[in-house]
Protein chains: 2
Amino acid sequence: MSTKEGPQPSRRGPYAKSTERRQAILTAAHAVFAAHGYRGGSLQDVADRAGMSQTSLLHYFPSKSELLLAVLNWRDSITGDGTAPRDPEESLVDAVLRQARFNENVPGVLELYTVLCGEAVTEGHPGREYFTKRFQELRRSYTRQLKQLAEEGRLRPGVDPETAAASLIALWDGIQTQWLLAPGSVDMAGCLRAYLDLVLLPE
Amino acid sequence: MSTKEGPQPSRRGPYAKSTERRQAILTAAHAVFAAHGYRGGSLQDVADRAGMSQTSLLHYFPSKSELLLAVLNWRDSITGDGTAPRDPEESLVDAVLRQARFNENVPGVLELYTVLCGEAVTEGHPGREYFTKRFQELRRSYTRQLKQLAEEGRLRPGVDPETAAASLIALWDGIQTQWLLAPGSVDMAGCLRAYLDLVLLPE
DNA sequence: GTCTATAGTTCGATAGAC
DNA sequence: GTCTATCGAACTATAGAC
């Protein structure tokens, strides 16, 4: 049986070569979509970066829209900023600031997110559902964490957890846009820290 | 002399008809770019909406990128949210909340802004300079107003005017994106009010 | 000023040889 | 799996008749 497992070009498991090719495509597509957006980036651009023909690319991803969704899901898995469970020992403030500083040093990650998020608001954009769900889940996650802090008396009186959750996400996204257009004029982590300092009380 | 003034098809002034045509084009382009973005919207779409051929459209605006810039500048002139001098009698809070509530009832205005702002971060986008300058001017304007409030003792101690200015703009933009994707789940004016309540002290 | 016609690209996706 | 070739469509912009 073991000698007849079919398509297994490598010892590291079935379809290992294929998986590497898909990774190369995702990396290339991430860069292209970040620089030119979904509509502005072409499959030819992605294929050139990945070192293959445009038709070979479509062998791994059946269409451009499927490629976009794969890039978005892949981004979640590497940045882990979605609904992924955080270290419970790390405070909300530390987690937010750590992620904000990390993103500053990974070129392309913020571009991809900001560009596609704006594009996704347009009619018929394949990423619209992704961002809608993402915001919904993020609001729910932050609301829960803020309610927990409220129970510990760490929330400033008068602050509504749901409003603060949506506002924190909004502030984060908006400051990223300003930072991308003028990196020297905006302090991303500083703005986030200032907001959390307003919302939270010292321990 | 008065009988030989050349291109004057109307009594209401020179080029009146031409001005109306340009207005129709701007209105159509505003709707198309808001719905599909700059790269996703075509001149044919705009021409169809404006009731003319695509080539006639290019008679009024020499290129697609020029049309985009004209739409952006026209938007400023009608919404008056740029660096336009506000009524000095109106407080910062009232002005922000009034504008936020107004925008909710003008479909297309927020779409255009959010979509193009995200797109503008991409390489070679004709609107990039516009948004860069816009953010710079907005930060300067809000910083000045917040410093004025600080002198009146209306600013919460510890709040930095420049940080708060960038944060207010960021929060506003970000909450618009969330509202466009889930209008029923986000209260734009509520989030802005909550933030200003945190930053400002009661009179 | 307005139009038809079209040049000249570029695109996403398919067909089929190897 | 990878490629060349290509289809069919869409796009911006230009040329030129009226």
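Note that this is a predicted model, so its numbers are computed, not measured.

A. The arrangement of the overall build of chain A in detail. Across its full length, chain A carries nine helices and zero strands. Of the regular secondary structure in chain A, the N- to C-terminal order runs α-α-α-α-α-α-α-α-α. Projecting the C-alpha coordinates of chain A onto the three principal axes gives extents of approximately 65 × 45 × 30 Å. Within chain A, the fraction of its 203 residues that count as buried is 50%.

B. Fine view of the interface of chain A and chain B. Tallying the contact residues gives 41 residues for chain A and 42 residues for chain B. Both faces considered, chain A and chain B share a buried interface measuring about 3300 Å² in area, 71% of it formed by carbon and sulfur atoms. Run the count over chain A and chain B and you get zero salt bridges. In terms of residue count, helix α8 (residues 161–181) of chain A provides more of the side of chain A that touches chain B than any other element does, twelve residues in total.

C. Quick peek at the protein's contact with DNA strand D. Residues in close proximity to DNA strand D total 16 residues, the closest being S56 and Y60 of chain A together with Q54, T55 and K64 of chain B. In DNA strand D, atoms within 4 Å of the protein come 52% from sugar and phosphate. One of the side-chain N or O atoms of R21 of chain A is found 3.1 Å from a phosphate oxygen in DNA strand D. One of the side-chain N or O atoms of S56 of chain A is found 2.5 Å from a phosphate oxygen in DNA strand D. Mapped onto the surface near DNA strand D, the elements with two or more residues apiece are α1 (16–40) and α3 (54–60) of chain A together with α3 (54–60) of chain B. The biggest single contributor to the surface near DNA strand D is α3 of chain A, with four residues.

D. Focus on helix α8 (residues 161–181) of chain B. In a regular helix each residue adds 1.5 Å, so 21 residues correspond to 30 Å; α8 of chain B covers 31 Å between its end C-alpha atoms and thus fits that length. Of all the 21 residues making up α8 of chain B, 19 are buried; the element is thus mostly covered by neighbouring parts of the structure.

E. Highlighting the protein's contact with DNA strand C. The full set close to DNA strand C counts 15 residues, and Q54, T55 and K64 of chain A together with S56 and Y60 of chain B are the nearest of them. Among all atoms of DNA strand C positioned within 4 Å of the protein, those belonging to sugar or phosphate total 51%. A distance of 3.0 Å separates a phosphate oxygen of DNA strand C from a polar atom in the backbone of L43 of chain A. R21 of chain B is positioned such that a nitrogen or oxygen atom in its side chain is 3.1 Å from a phosphate oxygen of DNA strand C. For the surface near DNA strand C, the secondary structure elements donating two or more residues are α3 of chain A together with α3 of chain B. Of the residues forming the surface near DNA strand C, the biggest block, four residues, is contributed by α3 of chain B. In terms of residue class, the surface near DNA strand C is made up of four nonpolar, nine polar and two charged.

F. Representation of the relation of the copies chain A and chain B within the structure. Superposing chain A onto chain B requires a rotation of 180° together with a translation of 0.0 Å along the rotation axis, leaving an RMSD of 0.0 Å. On this basis, the relationship between the two copies can be described by a two-fold rotation axis. Of all interface residues in chain A, 100% are interface residues in chain B too; the two copies therefore contact each other through one and the same surface.

G. Inspection of the confidence of the model for chain A at higher detail. Summarising the model, chain A shows a mean pLDDT of 92, and 91% of its residues fall at 70 or more. Under a pLDDT of 50 for its full length, residues 1–10 of chain A has, in the predicted model, seven contacts with residues more than four places off or in other chains.

H. Spatial organisation of the packing of aromatic side chains. All names here are of chain A. Inspection of every chain in the model, using the stated rule, returns seven aromatic pairs over all chains. Taken together, the aromatic side chains of Y113, Y130 and F131 make up a single cluster linked through ring pairs. Cation over ring: K64 sits above Y38, and NZ or CZ is 4.6 Å from the ring centre.

I. Here's a closer look at the packing of α8 of chain A against helix α9 (residues 188–199) of chain B. Remark: α8 of chain A packs on α9 of chain B, axes separated minimally by 10 Å, with the N-to-C direction vectors making an angle of 90°. With respect to their mutual orientation, α8 of chain A and α9 of chain B come out roughly perpendicular. Judged by residue contacts, T163, A166 and S167 of chain A of α8 of chain A engage G190, C191 and A194 of chain B from α9 of chain B. Across the contact of α8 of chain A with α9 of chain B, the residue classes break down as three nonpolar, three polar and no charged.

J. Structural view of the nonpolar core. Counting 132 residues, the largest nonpolar core has L67 and F131 of chain A together with L67 and F131 of chain B as the members making the most contacts within it. Excluding residues that lie within four positions of it along the chain, L67 of chain A makes contacts with I25, L26, A29, F33, L43, V46, L57 and F61 of chain A.

K. Seen up close, the packing of helix α5 (residues 92–104) of chain A against helix α9 (residues 188–199) of chain A. All names here are of chain A. Relative orientation of the contacting elements α5 and α9 amounts to 165°, with a least axis distance of 9 Å. In this view, α5 runs roughly antiparallel relative to α9, as classed from their interaxial angle. Remark: the crossing between α5 and α9 carries right-handed chirality. Of the residues in α9, those touching α5 at V93, V96, L97, A100, R101 and E104 are M188, A189, L192, R193 and L196.

L. Fine view of the pattern of salt bridges. For the structure on display, the rule yields six salt bridges over all chains. In this structure, R75 of chain A and D76 of chain A form a salt bridge, with 3.4 Å as the shortest nitrogen-oxygen distance. Of the charged contacts, one joins R98 of chain B and E90 of chain B as a salt bridge, the two residues approaching to 2.8 Å between their closest N and O atoms. Overall, E90 of chain B belongs to the buried group, its relative accessible area being 18%.

M. Representation of the state of the cysteines within the structure. The final tally for this structure, using the stated rule, is zero disulfides over all chains. C117 of chain A takes part in no disulfide bond, and the closest cysteine sulfur, belonging to C117 of chain B, lies 10 Å away.

Conventions used here
Residues numbered from 1 in each chain as written. Chains lettered and ligands numbered in written order. Predicted model: local features only at pLDDT ≥ 70, side-chain atom pairs only at ≥ 80, totals over all residues. Heavy atoms only, no water. Helix = DSSP H or I, 4+ residues; strand = E, 2+ residues; numbered from the N terminus. Buried < 20%, exposed > 50% of the residue type's maximum accessible area, 1.4 Å probe, protein only. Contact = heavy atoms within 4.5 Å. Buried area = accessible area lost by both parts, 1.4 Å probe. Salt bridge = Lys/Arg side-chain N within 4 Å of Asp/Glu carboxyl O. Near = heavy atom within 4 Å. Polar contact = N/O pair within 3.5 Å; in protein donor to acceptor, adjacent residues only side chain to side chain. Expected span 1.5 Å × (residues − 1). Nonpolar A, V, L, I, M, F, W, Y, C, P; charged D, E, K, R; others polar. Least-squares fit on C-alpha atoms with pLDDT ≥ 70 in both. pLDDT = per-residue confidence, 0-100. Phe/Tyr/Trp six-rings, centres within 6.5 Å; stacked < 30°, edge-to-face > 60°. Lys NZ or Arg CZ within 6 Å of the ring centre and 35° of its normal. Axes fitted to C-alpha atoms, helices over the stretch in contact; angles between N-to-C directions. Parallel < 35°, antiparallel > 145°, perpendicular 65-115°, else oblique. Core = buried A, V, L, I, M, F, W, Y, C linked by side-chain atoms within 4.5 Å. Left-handed = near helix turned anticlockwise from the far one by under 90°. Disulfide = S-S within 2.5 Å.

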